[in-house]
Structure formats: structure tokens, C-alpha cells
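Here is what each chain is made of, one letter per residue.
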Amino acid sequence: MRASTSAVRSYRSPDVKAYPNPYPYPDQKPLPTNFHTLHISRSLLMSDLTTDISTDVSTAATVETVRTWLTERVAYFLDVTPQDIAHDGLLVEIGLDSVYALTLCGDVEDEYGILVEATLAWDHPTIDALTAHIHSELGAR
Amino acid sequence: MNTTADTSCTTADLEQVLGDAHDRDNPLGFRAVLEADERGEILPEGEKALGSFGFNAEFVPRRLGGRLVDIERLMLMMRTLSRRDPTLALGYGFTSYISGSAMWTSGNENQQRRMADILLGGGKTAAGYNELAHGNDFTRTDLAATTHGDRILINGRKQIVNNFGRADAVVLLARTGEGPGNRSHSHLFVDLVDGPADRVDRDVRYPTVGLRGCLIGGAEFTDYPVPADAPIGPVGGAMETVLRAFQTTRAVLPGMMVGTSDTLLRTVTRFALDRKLYGRRVAALPHARATLVGAFLDLLAGDCLSTVACRALHVLPGQTSVLTAANKYLVPKVLHRSSHALGTVLGANSYLRDGTYGIFQKFARDLPAITFAHANASVCQATMLPQLPRLAATSWLRAPRPPKDLFELDAPLGDIDYGALELTSRGADHLTAMLSHPGTRAQLPDAAARLVELLLTDLADLRERCLALPPSEHSVVAGRAGFALADRYAQLAMAASCLGIWQHNQHSDDAFLREADWLTGALHRIAARLGHDLGALPDSTEQRLFDELIFREKNHEGFDLGRPQLSLA
Ligand SMILES: Cc1cc2nc3c(=O)[nH]c(=O)nc-3n(C[C@H](O)[C@H](O)[C@H](O)COP(=O)(O)OP(=O)(O)OC[C@H]3O[C@@H](n4cnc5c(N)ncnc54)[C@H](O)[C@@H]3O)c2cc1C
């Protein structure tokens, strides 16, 4: 649906347009120009709320499945294959920076449904150490 | 120790102390401020006056005898100062609070009392983080602290550190372990008065473009001994402390700079009223008017986001890791842009170093320092970015609305609890629910409601894009697309803040705040920055905003949300 924008334009104030979107999406879609008549349907609000939360796999988690999942996660982040990740290597040395180390806790929480410290990967700095910690947390529930 | 500190000192009292800015005989007025800047000095009378005011108490929690209660109060105090002179605000200085924030977050009782005593006694503490070789990359910090028997020896350098040369103590970020990891650094509390002066060289001063009076220095330590109890918090815990403490400084600095923008806007407004061209006042020229109104709206929107960021530290302390980064990213950027636009109206006068409008060029030089000092814009974007996918999945379009205390300007906040601040938001983001909640939109006048609907489609779009973001795009090496998402998120957080402030202050006795013109205008500008082609503001809205601007200038009121009364001789 495309409506004319003439109703809302007067161009009397070039200032408003003086600084166009500083960081346009590289693939920016045309945005709705009919904002005066646009209505948000409830379906937009409520549909498509897919979540990334997996079904609860924690009961089945063994040291091996935790290790495999973690290795895949880290490999995915670093854009390498899981075989490239040494389980006893320091994550910061293989390129996992401090910010991602913080978000890894979110991945763990979503995957296993447990709450972990944000600093998880700082205190357990290898795949093996993380695996042991997560596995024991799962057992402690 | 006095535990019932007097927090009755208000921003109005401080404004009173500063006196009439435009009075040429006021030793704390703009004329004196400009002269001090020309000399490369912090206004000496200003430092004296703040000393008598006991301004340092604003940096010290009440529990320790100071006047620091909530972070919004600290921000408004700093704003009052930076409306008069940003150099004084930083130079007197705010870095005492930056170092204090690490101490109040992680120091033990004994250390906290020592630092409080220094500050309440009128001393200064420096925040020793930056090393020229590493900049924002804290985890590569080199200055080393090594244990030798019952002492710790410090070796290495810190550079571009405010007040280092005259500080009584410094909070140092030091390496206490090997490697670039996050457990290799600690904060040390270092006494510079009683320690051996021959083991530290702090004679250097770095001249700067703006904030020229500030004593930006550095230090080189050689086997400088400190006692074994110098580390603040657990050894190796510095990064955690930083991630908590700096949420408060990232909340305050942008809100403080709103005061600087107030003076820039006021200067150009006065110019536009005074100067006549083509037989009319500059203020009557459409472009000039639109620019002034735009700057007024940016200032109000910047105040909304920075006020909400400060209040969130109390009301939603689990969610501020992202919000304070958004604040530190976007508000300085918006204010900086508007200072450029204002400069075009002032024309040649924006370039003159003295005279009636000379203060403009000084403030315009001072302002950008806040964009890159203490976590620059890209660092703040990189802080938001990795958390956005989880916010998208967990909160956007579905989270509950935040409590009204987040926005109600007269709702008390209580004392800041540094321990309640979280390193990540765990996906929680209630602020943006202001955009998606139908109840909020139902109360809006048509023009604003349409803009909110537009912004809501942006949030939905952003949500999809963030959910689809590969993890390799979450980190500092993210491409432009990733950084664009962080920018758009910050714009939407600003819009949500404006909406919340408007909705939850309908009980205010300020009719302007209750009316929706400023809200419509502020949202309009945000939508324009998001790439929507909306053209100009409706005439009636622009007129109302322009009238308000002129009214406030004539009546000596601040342009921010609280419209404080400014001193008059
Ligand atoms: C007036 C003033 C006062 C100051 N006072 C103090 C003080 O009291 N104490 C103190 O310790 N320091 C102080 N500083 C130093 C200040 O903190 C540093 O400027 C700051 O750490 C940024 O470092 P940098 O500018 O060297 O940028 P760099 O870290 O060298 O960054 C350069 C560029 O790299 C990019 N970049 C860097 N990191 C990231 C990231 N994580 N993600 C994406 N891009 C990134 C950005 O584009 C950035 O602009 C002060 C600075 C000024 C100007």
C-alpha cells in the first residue's frame, strides 16, 4: 500500500532533513510513507513471536552433550568448524572477546533453562571448564 | 562520621551561587568563563565557589557523609554546572565521581571511608584508566601491580587522565594477572599524598582543543609501593566493577551535557532575537526558526533519554547495561549535531572568540569531548549490540510496560544501590514496551499516535533483523549493519523515553510538559533520523514550540524538562 506523502510535506524546514539516517540499513527496505493513515494490526503485534528458547533438554544433558553444544556454539560464533576448537584452549586466546563471553551466559540460560552468572566464561575460561561448571549446575537443580 | 548528611542543597541553590551568567561583572559569569578558557585555566573563582558549596559532597554517598542520593540528582547538579562551564564541571570535577563510582561499587568500608574523607575534605581523586597504547581496550591495560612481600609495587603509565597532577589519590586500573582476559585486572586505591613522590612522575599536561582549562595529565610509576590492601574488591575483579560502576557515569554524562546544549541554544536564541537582517529579526527567518525549534526538541528528547537512564538505575537496575550505553551513544551525538546546526544560524559569530556570543565557540568545542571521553560512541554501540538479539526475542513487542516511577519526575528514587546493577539485561527491556502497548497509544493525540505507530513498525522490523543477526555480528568486529541496529535501537529507546515522560507527567503543573507539541516534535525528529521522510513539522506545532523557546529565554528559564529558573543579577 503506497500513499502520497504530499499531505505531510511542505519542505519549509530543510533542517529536519539535514541529517538523513546516519546508519541506513545497507539493504534498507522502503519504509511506509503513508504514516498518517497507517494502522498497526494486532496480528503484527502478536504473531510471529517465535522464540529461540529450546525445549528443556537439561534432563538429558550429559557432560558430552554439554561439551558438544558449547563447542558448536563457540565455533558458530567464531565462524570455524567445531573440530577447530581445542576443548582446553583459553577462549579469549582463540578469539572469543569479552563482550561475547558475557552473552554466552544468555545462550546457556536459553538452552538449559538455568540462571548463570554473566561472568561465567570469565571464571571458566575453556570449553572443558565451562562444561564442568554447567553440568554441575544442572545436577544441582 | 555524620550519617544524616544535609541533602537539602538543591540545583537552585547552586544556580544561585553561580549568579547571573550574562552579568559582565559576575566573577562566575560567561565573560570570566571565556577569559579563563583563553588562559587555559579552570575558572579560579568557580573552583573556590564550588569548594565553599561543598560540591564534592555530591560525589559521596549519604551513608558516608556526602550528599549523593540518587543518580538523577547528581546528573542535575552536574547539568547546572555544565550550563555555566563544562570545563568547571569536568575540571572541578566529575572524574572524582568516576573514580568514586568504582569505589562505591566494590570498595570495602575502610577504603570507602578514606576516599570519602579525601573528597569531603575538598580533595580530588583521579580515575586512572586510559593508556595511550590501548584506549578503550581495557583488557590490554599494561600498568602492572605486582606483589612483593607485604607490599604491591606499581610500574607503568597512565595518560590523558583528568586532574592526575593534582589528585590526592587515584583509582588505578592495573594489571594483576597475565593475558588479555577479564580476570587479569584490578582497581587499586593509591594515595598520592603520603606515597613516595620520587617514584611517580606526574608533571605532564596534555593540551586539548576543548575543555582547555582542564588539567588533563598522566603519570609514570616506577616501583611505586602501596600496601597490600590497596586492591578495591577482589583481585581480578576490575572488569566486573567497571561494568557496574560505569553504568552510572554513562547515565550522568549525557544528561550533564544537556546543560551545555542549553547555553548553546540560549546564545543562538538571543542572537536570533537581537540581530536584524533584511528588515526583520533573524528569529523571523523560517530556516533559523526551524533550526532553533529543532535544537530545542533535541535537547528535550536528550533530556528524556538521559533522565530515564538515570532513573532506570533505581527503578529497573537489572536493565541498565544496555540502556545506559544507548544513552551515552545517542544523546551526545544528537546534541553534537544540533550544536552544528545552531552554529550555522550564528554564522560568523560562531567563530569569534569574544564578544556577546563568544561563549558559543567555547561550548561548541567543549561539547564533543563527552562523545569520545569515557566510552566513545562505537564502544557504546558495541556494548548494546550483543544483547540486542536476546532483547528482541524476550522483550520486544511483548514485555510489560515499565513502572511509572521510571518517568514521573517528582517520584523520589532513594539511594543508588550499585550492587543491584547487572552486567547484562538477561533479555529484559521494559522501556520499549511504551511503543508497543496499545494503552499508551490510545491516550495520544493523533499526530503523535501516528508517529508512535510508525516507530512501532520500526521496532518490529528491528526485532526481525536482530533475531536474524549471526553471532559473528555481535562483537566489536561487527560490520556496519550490526552497528546500524544498535543506532536504531537507541533511537527507539529515546522515543520510548519521550513517550513515557509525557504520559506519566500529566499531573505536572507545567502546561507545556502536559501538552503534546513537544512530544510530537521530538518523535518527528527521531523518526526522521530513522530514515522516514516526514517533511517539516506542522506549522502550529512549530509555532507553539518557538513561542515556548522565546518565553523561556525572556523569563530566564532552562530549556530542559525541569525548566529551572536561572539566576538574574
Ligand atoms: C577531555 C578528556 C578527559 C579524559 N579524562 C580521562 C580520565 O580522567 N581518566 C581516563 O582514564 N581517561 C580519560 N580520558 C581518556 C578517554 O577515556 C579515552 O579517550 C577513551 O578511553 C577512548 O580512547 P581513545 O580515544 O584512545 O579511543 P580508541 O580506544 O583508540 O578507539 C579508536 C576508535 O576505535 C574504535 N573502537 C574502539 N573500541 C571499540 C569497540 N569496543 N567497538 C567498536 N569500535 C571500537 C572506535 O571507532 C574508536 O573511536 C579523557 C579523554 C578526554 C578527551
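Residues numbered from 1 in each chain as written. Chains lettered and ligands numbered in written order. Predicted model: local features only at pLDDT ≥ 70, side-chain atom pairs only at ≥ 80, totals over all residues. Heavy atoms only, no water.

*Asks:* What am I meant to see in the packing of aromatic side chains here?
*Replies:* Here a ring pair, both rings aromatic, is described through the centre-centre distance and the interplanar angle of the planes. All names here are of chain B. Enumeration over the complete set of coordinates arrives at 15 aromatic pairs over all chains. Between Phe55 and Phe59, the aromatic rings sit 5.6 Å apart at their centres with planes inclined by 75°, giving edge-to-face as the arrangement. The class of Phe55 is buried, set by a relative accessible area of 1%. Three or more aromatic residues joined by ring pairs make a cluster, and in this case those are Phe53, Phe55, Phe59, Tyr92, Phe94 and Tyr97. (Phe/Tyr/Trp six-rings, centres within 6.5 Å; stacked < 30°, edge-to-face > 60°. Buried < 20%, exposed > 50% of the residue type's maximum accessible area, 1.4 Å probe, protein only.)

*Asks:* Would you mind showing me how to read the packing of helix α7 (residues 238-274) of chain B against helix α9 (residues 320-346) of chain B here?
*Replies:* Packed helices, taken two at a time, are described by the angle between their axes plus the distance between the axes. Residues and elements named next belong to chain B. Closest axis-to-axis distance for the α7/α9 pair is 9 Å, and the angle between their directions is 15°. Here α9 runs roughly parallel to α7, going by the angle between their axes. α9 is crossed by α7, and the crossing has left-handed handedness. (Axes fitted to C-alpha atoms, helices over the stretch in contact; angles between N-to-C directions. Helix = DSSP H or I, 4+ residues; strand = E, 2+ residues; numbered from the N terminus. Parallel < 35°, antiparallel > 145°, perpendicular 65-115°, else oblique. Left-handed = near helix turned anticlockwise from the far one by under 90°.)

*Asks:* What exactly am I supposed to notice about unusual backbone geometry here?
*Replies:* Across residues other than glycine, the phi torsion is negative in most instances, and most of the peptide bonds are trans. Residues and elements named next belong to chain B. Even without a glycine there, the phi angle at Asn163 is positive, about 60°. Position of Asn163 relative to the elements: it lies in the loop between β3 (151-162) and β4 (169-175). Accessibility expressed as a relative area gives 1% for Asn163, which makes it buried. Backbone geometry at Arg563 places phi at a positive 30°, although glycine is not the residue there. Relative to the elements of secondary structure, Arg563 occurs in the segment after α20 (539-554).

*Asks:* Looking at this structure, how should I read the domain arrangement of chain B?
*Replies:* It is common to give the size of an interface as the accessible area that goes away when the parts come together. Residues and elements named next belong to chain B. Partitioning chain B into structural domains gives domain 1 (11-124), domain 2 (127-234) and domain 3 (241-554). On a C-alpha basis, the centres of domain 1 and domain 3 stand 25 Å from each other. Of the residues lining the interface, 31 residues belong to domain 1; the matching set on domain 3 comes to 42 residues. Of the roughly 3000 Å² buried where domain 1 meets domain 3, counting both sides, 64% is carbon and sulfur surface. Taken as a group, Ile71, Glu72 and Arg79 account for 19% of the area that domain 1 buries against domain 3, more than any other trio of residues on that side. (Domains from an automatic or database assignment. Contact = heavy atoms within 4.5 Å. Buried area = accessible area lost by both parts, 1.4 Å probe.)

*Asks:* Sorry, what's going on with the side chain of B:Asp429 here?
*Replies:* Residues and elements named next belong to chain B. Summarising the element assignment, Asp429 is placed in the loop between α13 (388-394) and α14 (433-436). No salt bridge is formed by the buried Asp429. Its closest oppositely charged neighbour is Arg463, at 10 Å. There is a polar contact of 2.8 Å between the side chain of Asp429 and the side chain of Trp396. Apart from the residues within four sequence positions on either side, Asp429 is in contact with Gln319, Leu391, Ser395, Trp396, Ala399 and Tyr489. (Lys, Arg positive; Asp, Glu negative; His and termini not counted. Salt bridge = Lys/Arg side-chain N within 4 Å of Asp/Glu carboxyl O. Polar contact = N/O pair within 3.5 Å; in protein donor to acceptor, adjacent residues only side chain to side chain.)

*Asks:* For this particular structure, what's the right way to read the packing of helix α5 (residues 86-106) of chain B against helix α6 (residues 109-120) of chain B?
*Replies:* Residue and element names in this part refer to chain B. In contact at an axis separation of 10 Å, α5 and α6 are set at 160° when each is read in the N-to-C sense. For the element pair α5 / α6, the angle class is roughly antiparallel. Relative to α6, the crossing made by α5 is left-handed. Facing α5, whose interface residues are Ser96, Ser99, Gly100, Met103 and Trp104, α6 presents Gln111, Gln112, Met115, Ala116 and Leu119. Counted by class, the contact of α5 with α6 contains five nonpolar, five polar and no charged residues. (Nonpolar A, V, L, I, M, F, W, Y, C, P; charged D, E, K, R; others polar.)

*Asks:* Mind showing me how you'd approach the environment of B:Pro234 here?
*Replies:* All names here are of chain B. When you line up the elements, Pro234 lands in the loop between β8 (231-232) and α7. With relative accessibility at 62%, the residue Pro234 sits in the exposed group. Placed 255 residues apart in sequence, Pro234 and Tyr489 show a C-alpha to C-alpha distance of 35 Å.

*Asks:* Just checking my understanding: could you explain α5(B) for this structure?
*Replies:* Structural remark: α-helix, 3.6 residues per turn; residues separated by three or four positions point the same way. Residue and element names in this part refer to chain B. The terminal C-alpha atoms of α5 lie 29 Å apart, and with 21 residues this matches the ideal 30 Å at 1.5 Å per residue to within 8%. Of all the bends found along α5, the most pronounced is centred on Gly93 and spans about 50°. Most of α5 is tucked away: 20 of the 21 residues are buried. Where α5 begins, the side chain of Asp85 points an oxygen toward the backbone nitrogen of Thr87, at a separation of 3.0 Å. (Expected span 1.5 Å × (residues − 1). Bend = angle between axes of the 7 residues up to and from the residue.)

*Asks:* Can you walk me through helix α16 (residues 446-467) of chain B in this structure?
*Replies:* Under the 1.5 Å per step criterion, the end-to-end length of α16(B) is 32 Å for 22 residues, consistent within 8% with the ideal 32 Å. Among the 22 residues that make up α16(B), 17 are buried, leaving the element largely enclosed by the rest of the structure.

*Asks:* Can you help me understand the site of the ligand in this one?
*Replies:* All names here are of chain B. Surrounding the ligand, one finds 20 residues, the nearest of these being Ala127, Asn130, Asn136, Ile160 and Asn376. Take Asn136: an N or O atom from its main chain is 2.6 Å from an oxygen atom of the ligand. Computed on the free molecule, the ligand has an accessible area of 980 Å², of which 68% lies beneath the protein chains in the complex. For the shell around the ligand, the secondary-structure elements that each account for two or more residues are β3 and α12 (377-384). Among the domains, domain 2 (127-234) and domain 3 (241-554) are the pair contributing at least three residues each to the shell around the ligand. (Near = heavy atom within 4 Å. Areas by Shrake-Rupley, 256 points an atom, 1.4 Å probe, with all protein chains shown as cover.)

*Asks:* How should I be thinking about the pattern of salt bridges in this particular structure?
*Replies:* Side chains that carry opposite charge are capable of pairing whenever their charged atoms lie near each other. Residues and elements named next belong to chain B. One pass over the full model with this rule turns up 47 salt bridges over all chains. A salt bridge links Arg84 to Glu15, with the shortest nitrogen-to-oxygen separation between them at 3.6 Å. Taken as a pair, Arg84 in helix α4 (residues 71-84) and Glu15 in helix α1 (residues 11-18) lie far apart in primary sequence, 69 residues in all. The residue Asp262 makes a salt bridge to Arg266 at a minimum N-O spacing of 3.0 Å. Taken as a pair, Asp262 and Arg266 lie in helix α7 at a separation of four residues, close to a single helical turn. Using a relative accessible area of 6% as the deciding quantity, one classes Arg266 as buried. Look at the salt bridges and you will find they share partners, linking Asp510, Glu515, Arg544, Glu548, Arg552, Glu557 and Arg563 into a network.

*Asks:* Help me out: how do you make sense of the confidence of the model for chain B in this one?
*Replies:* Detailed conclusions should not be drawn from predicted coordinates in areas where pLDDT is low. The predicted model of chain B has a mean per-residue pLDDT of 94, with 98% of residues at 70 or higher. Interface confidence for the predicted complex, given as ipTM, is 0.72, next to a pTM of 0.90. (pLDDT = per-residue confidence, 0-100.)

*Asks:* Please explain the nonpolar core as it appears in this structure.
*Replies:* As a rule of thumb, nonpolar side chains are buried together in soluble globular proteins. Residues and elements named next belong to chain B. Formed by 196 residues in total, the largest nonpolar core has its most connected members in Phe55, Ile71, Met78, Phe94, Trp104, Tyr489 and Trp518. Broken down by element, the residue count for this core peaks at 17 residues, all from α7. Residues within four places of Ile71 in sequence aside, it is in contact with Tyr97, Thr248, Ala251, Val252, Cys310, Leu313, His314, Ile416 and Tyr418. By size, the runner-up hydrophobic cluster in this structure holds 20 residues, among which are Ile152, Leu172, Leu192 and Ala230. (Core = buried A, V, L, I, M, F, W, Y, C linked by side-chain atoms within 4.5 Å.)

*Asks:* Would you mind going over the environment of A:Phe77 with me for this structure?
*Replies:* Residues and elements named next belong to chain A. You can see Phe77 is positioned in helix α2 (residues 63-78). By relative accessible area, Phe77 is classed as buried at 6%. In sequence terms Phe77 and Gly95 are 18 residues apart; their C-alpha atoms lie 9.5 Å from each other.

*Asks:* What exactly am I supposed to notice about the side chain of B:Thr520 here?
*Replies:* All names here are of chain B. Locating Thr520 in the fold gives a position in helix α19 (residues 517-529). With a relative accessible area of 7%, Thr520 lands in the buried category. Those residues within four positions of Thr520 in sequence are excluded, and the remaining contacts are Ala447, Ala448 and Leu451.

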